[in-house]
Amino acid sequence: MSDIAPLRFEIDGMSCAGCAGRAERALLAMPGQSFASVNLATKTGQVVLTDAHARDIRDTLKGAGYPALEDTVTLDIADMSCASCAARVEQALLAQSAVLSAHVNLANETAQIQILRGAIAATDLAQVATQTGYASTIRDTQRIDPTQQESAKIHQARNTFLLALVMAVPVFVLEMGGHIFPAFHHWVARTIGLDTSWTVQFVLTTLLLLGPGRVFWIKGIPLLMRRTPDMNSLVALGSLAAWGYSTTSLFAPDALPAGARNVYFEAAAVIVTLILLGRWLEARAKGRTGAAIRKLVGLQPATARVIRDGQPRDIPVEHVILGDVLSLRPGERLAVDGRVESGQSYIDESMITGEPMPVLKSIGSDVFGGTVNGDGALTYCATKIGRDTMLARIIAMVEQAQGAKLPVQALADRVVLIFVPVVMAIAALAFVGWFVFGPDPKASHALVAAVSVLIIACPCAMGLATPTSIMVGTGRAAEMGVLFRKGDALQRLSDARVVAFDKTGTLTEGRPELTEIHVLPDFDEIDILGLAAAVETQSEHPIGRAIERAAQERNAPRPDVSDFVAHAGFGIEATVNGQTVRIGARRFMEREAIAVDALAQPADTIEAKGQTPFYVAIDSQVTAIFAVADRPRNSARQTVNHLHEMGIKVAMITGDAAGAAHAIAQELGIDHVQANVLPEGKAEAVRTLRNTYGDVAFVGDGINDAPALATADVGIAIGTGTDIAIESADVVLMSDNLDGVLNALDVSRHTLRNIRQNLFWAFAYNAALIPVAAGVFYPLLGWQLSPMLGAGAMALSSVFVLSNALRLRHLSPTTERMS
């Protein structure tokens, strides 16, 4: 996929995998795009545009029969004084890839913007207009509750089914009651007569097909006419065949062969009713698959308490602007990301990091929207709003992962591509075979077989098998503080055979401490420490902080520093009092041709203890060696043990000295160590591991880990690390607890297992029941499947797939199950 962020939008009219496949092929054939994907479970599409526009997406999907949903946003725009002002705002809005049209009215100072639904937030449109120089706010600030939207869909599906049920039950009782209880059949014949009974069935079934069942006709018949049939087409054909045959039997019986007069109104009515029942159950299950996203969206409060003109006032969160100072009272949820200006309090960040312990926040601390304040009161300055907040970025990452298409889905897509036409051909062959070779009444047997094949073979379960599991799996992972930035990482991570860790800040706490100092004769320890601390103040490396803390504790004097230079992977140098001071690893000294033999003995002792030696040289003469120790994280040993229990090799790739690296590895039980690796060499180290063990997952947190994160089959970044590391990764852990690595692997494996179960059920169901429906076993075993049973089985297959996917919601953190 392109590195450009895909445009994500909602699509209407899709009901099966065939629909999603046709919509996706239409988008892939659209000029000006480099990637297109359609997800049936979320009813969304993703397209990376290179030389196209949202209008092209709208026109393409409309032509394919699956229109993109649209929304209208109204903005109030201040400070416009002429037509050029309005034109400038309008052009800026139209430049957004998700905008279909934009009209700015100078007279009433508003903008009417038509967008692809779900592709861009109204707050972001307001920000675009504001950035042109004209302050903009959203006119309609009503917030749409995703839960209410899902409830409305479920309510509508339920009412449609119940209406169909009211009409189908009398039809079923009148016809099938006589088959089950012959006495009832005779009673109907004596009282109202068979023709009257059939007429009542005709009226009710026709009303059912034109009312609750019209969705199949409206969508299925036009697609059939365009030679792109889908599930709706199969249901429409099956019910139409049953209704048409029955209507002919009722009103024109002479048109049928002798002995073939029969009615199947109950089949048409019950088929549609059962499928509508299946869609209601699907709607309920699908509503639960998106629970994680709705929970995340629901974390953002509707209003924010902003201090303006010295007074606090509650305003819609969409109206908060960068630089606003917000007041936070005890127990309140933060509205946006910011930095604490005053006060102190513990804040619960578990909904973002997955860590249960509240975090102390004081002046200068970063805080995040959606988290919950404890007992203290704070004021904080808004530093990120709208789509830039941590919560919005998390939601975007989860949505993108949920909309992904895994390699395992390719087989299902290829099958679905030809499945519906093949089913229609099988239905036609079954009809002809029964009509020619079947027992009397041939026409009735032929109709039952053909309709049963059409109904039972709807590929709903195939289309839902993969995306529903992805939705639930990635959503559950997000609740554990694990974000899959790329959905296909789910499958690749499940295939990992080795997990490689960076050492400093990943396996270790990332807070090294200075433990020993050895200086040569004629040099003063305090002076050397102060000299080193002065140089390290210019460095961002954690070891520099350790040296600074030691110098501060011992009141070491710090001279002025100039001409500072950092040599990545080696060390640093600067000019102090006219002398060149170099601090770094042994390889740095060797590169600069500085002899270190005088400190060989203390260096060996330091490395034997598992600590890291750093040399200090003045004017090309080594003067001292520092010992720095970074303790392993409390969770590191447990993580390595659990990885071994999962059958995974564990490796460590570090730029640290070999002695210190092997000491840590021995303490933690790590299988493979690559030490003294420069930043540019970490990617090659990952490739070496891949050649030795197989697929590699790499876990890191620093800028120097970015190449390895990008090179690994799956890059896992610790969320407390740098933005560069996070952007290079496929999976992001929102806390520095290494349990997240186990949770990511476990979710990946369970999700892939769940997908395979779903695909097996979907394929096995069709492979087993299509021959039964066609009547293949009738000559030997007397089996002929009723269309009604076929409709029920088809609906249940989709419900089974969704229910199986929903089991992932109850997946518990790995350590809880392994402890």
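This one's a predicted model, so the numbers in the text were calculated from it and none came from an experiment. (Residues numbered from 1 in each chain as written. Predicted model: local features only at pLDDT ≥ 70, side-chain atom pairs only at ≥ 80, totals over all residues. Heavy atoms only, no water.)

## A word on the overall build of the protein chain
Okay, step 1: Helix and strand counts for the protein chain come out as 31 helices and 29 strands.
Okay, step 2: Split into buried and exposed, the 819 residues of the protein chain put 53% on the buried side.
Okay, step 3: Put simply, of all contacts in the protein chain between residues at least 6 apart along the chain, 69% involve residues at least 24 apart.
Okay, step 4: If you sum the accessible surface of the protein chain, you get close to 34500 Å²; carbon and sulfur atoms cover 55% of it. (Helix = DSSP H or I, 4+ residues; strand = E, 2+ residues; numbered from the N terminus. Buried < 20%, exposed > 50% of the residue type's maximum accessible area, 1.4 Å probe, protein only. Contact = heavy atoms within 4.5 Å. Areas by Shrake-Rupley, 256 points an atom, 1.4 Å probe, with all protein chains shown as cover.)

## What to know about the sheet that holds strand β27 (residues 696-700)
Okay, step 1: If you walk across this open sheet you meet the seven strands as β17-β29-β28-β27-β18-β25-β26, and the pairing is mixed. Of all strands in the sheet, those bounded by a partner on one side alone are β17 (482-484) and β26 (672-674). With direction set aside, neighbouring strand axes in the sheet form an average angle of 20°.
Okay, step 2: Here β27 pairs with strand β28 (residues 714-718) via four bridges, running parallel. Bridge pairing in β28 places F698 opposite G715.
Okay, step 3: Packing against the sheet, helix α28 (residues 739-774) makes contact with β17, β18 (498-502), β27 and β29 (731-733), and its axis sits at approximately 50° to β17. (Pairing = 2+ DSSP bridges. Axes fitted to C-alpha atoms, helices over the stretch in contact; angles between N-to-C directions.)

## Some details on the nonpolar core
Okay, step 1: Counting 47 residues, the largest nonpolar core has F9, M14, I57, L75, L93, I113 and L125 as the members making the most contacts within it.
Okay, step 2: No other element matches helix α1 (residues 17-28), which puts five residues into this core.
Okay, step 3: Here this core gathers at least three residues from each of two domains, domain 1 (7-64) and domain 2 (70-143).
Okay, step 4: Core analysis: the second largest hydrophobic core is formed by 45 residues, F484, A665, L742 and A744 among them. (Core = buried A, V, L, I, M, F, W, Y, C linked by side-chain atoms within 4.5 Å. Domains from an automatic or database assignment.)

## Thoughts on the sheet that holds strand β9 (residues 311-316)
Backbone hydrogen bonds are what pair the strands of a sheet, in a parallel or an antiparallel way.
Okay, step 1: Read across the sheet, six strands follow the order β9-β8-β10-β16-β11-β14 without closing on themselves; strand pairing throughout is antiparallel. Since the sheet does not close on itself, it has two edges, and those belong to β9 and β14 (366-367), each with one partner.

## Some thoughts on the packing of aromatic side chains
Okay, step 1: Tallying each qualifying case throughout the model produces six aromatic pairs.
Okay, step 2: A centroid spacing of 5.7 Å and a plane angle of 25° characterise the contact between F161 and W280, whose relative ring orientation is stacked. A residue pair is termed long-range when its members are at least 10 positions apart, and F161 in helix α5 (residues 146-180) and W280 in helix α10 (residues 265-289) qualify at 119 residues.
Okay, step 3: With a centroid separation of 4.5 Å and 35° between ring planes, the pair formed by W761 and F800 is classed as tilted. Here W761, found in helix α28, pairs with F800, found in helix α30 (residues 787-806); they are 39 residues apart in sequence, far enough to count as distant.
Okay, step 4: Taken together, F202, W243, F251 and F265 form an aromatic cluster joined through their ring pairs.
Okay, step 5: Over the ring of F570 we find R587, and its NZ or CZ is 5.9 Å from the ring centre. (Phe/Tyr/Trp six-rings, centres within 6.5 Å; stacked < 30°, edge-to-face > 60°. Lys NZ or Arg CZ within 6 Å of the ring centre and 35° of its normal.)

## Description of the environment of A119
Okay, step 1: Among the secondary structure elements, A119 is positioned in the loop between β6 (110-116) and α4 (122-131).
Okay, step 2: Owing to a relative accessible area of 21%, A119 belongs among the partly exposed residues under this scheme.
Okay, step 3: Apart from the residues within four sequence positions on either side, A119 is in contact with L7, R8, F9 and A98.

## Quick notes on the UniProt feature "transmembrane region" (unreviewed entry) in the protein chain
Okay, step 1: Those places that UniProt annotates as "transmembrane region" (unreviewed entry) correspond, in this numbering, to residues 161-181, 187-210, 231-251, 263-281, 415-437, 443-466, 759-781 and 787-808.
Okay, step 2: Taken as a whole, residues 187-210 contains 92% helix and 0% strand, while its terminal C-alpha atoms sit 30 Å from one another.
Okay, step 3: As annotated, residues 263-281 has a helix share of 89% and a strand share of 0%, and its two end C-alpha atoms lie 29 Å apart. (UniProt positions renumbered as here; feature names shortened; annotations may be inferred.)

## Some details on the pattern of salt bridges
Okay, step 1: Under the defined criterion, the tally for this structure stands at 20 salt bridges.
Okay, step 2: Note that D71 and R117 form a salt bridge whose closest N and O atoms lie 3.1 Å from each other. A residue pair is termed long-range when its members are at least 10 positions apart, and D71 in strand β4 (residues 70-77) and R117 in the loop between β6 and α4 qualify at 46 residues.
Okay, step 3: Assessed through its relative accessible area of 26%, D71 is described here as partly exposed.
Okay, step 4: The class for R117 is partly exposed, based on a relative accessible area of 26%.
Okay, step 5: One salt-bridge network, held together by shared partners, links R545, E548 and R558. (Salt bridge = Lys/Arg side-chain N within 4 Å of Asp/Glu carboxyl O.)

## Topic: helix α24 (residues 658-668)
Okay, step 1: What α24 keeps buried is the set A660, A661, I664, A665 and L668. Taken down its axis, α24 places every buried residue within 135° of arc, on the same side.
Okay, step 2: Lining the buried residues of α24 we find α18 (503-507), α22 (600-608), β23 (612-618), α23 (636-645), β25 (649-653) and β26.
Okay, step 3: G669 occupies a position one or two residues after α24 and carries a positive phi of about 85°. (Arc of directions from axis to C-beta.)

## Thoughts on the pairing of strand β11 (residues 337-343)
Okay, step 1: Note: β11 against strand β16 (residues 378-384), six bridges, orientation antiparallel. Note that in β16 the partner of D337 across the bridge is K384.
Okay, step 2: As judged from the two bridges shared by β11 and β14, these two strands associate in the antiparallel manner. Within the sheet, the bridge partner assigned to G338 lies in β14 and is V367.

## Looking at the packing of helix α19 (residues 525-536) against helix α20 (residues 542-553)
The packing of two helices is summarised by the inter-axis angle and the distance between the axes.
Okay, step 1: α20 packs onto α19 with a crossing angle of 135° between their chain directions and a minimal axis gap of 9 Å. In terms of their interaxial angle, α19 and α20 are classed as oblique. For the crossing formed where α19 meets α20, the hand is left-handed. Across the interface between the two elements, L529, A532, A533 and E536 of α19 pack against G544, R545, I547, E548, A550 and A551 of α20. (Parallel < 35°, antiparallel > 145°, perpendicular 65-115°, else oblique. Left-handed = near helix turned anticlockwise from the far one by under 90°.)

## As for the environment of P316
Okay, step 1: Note on placement: P316 falls in strand β9.
Okay, step 2: Given the relative accessible area of 24%, P316 is considered partly exposed.
Okay, step 3: Taking the C-alpha atoms as reference, P316 lies 6.2 Å from A304; in sequence the two are 12 residues apart.

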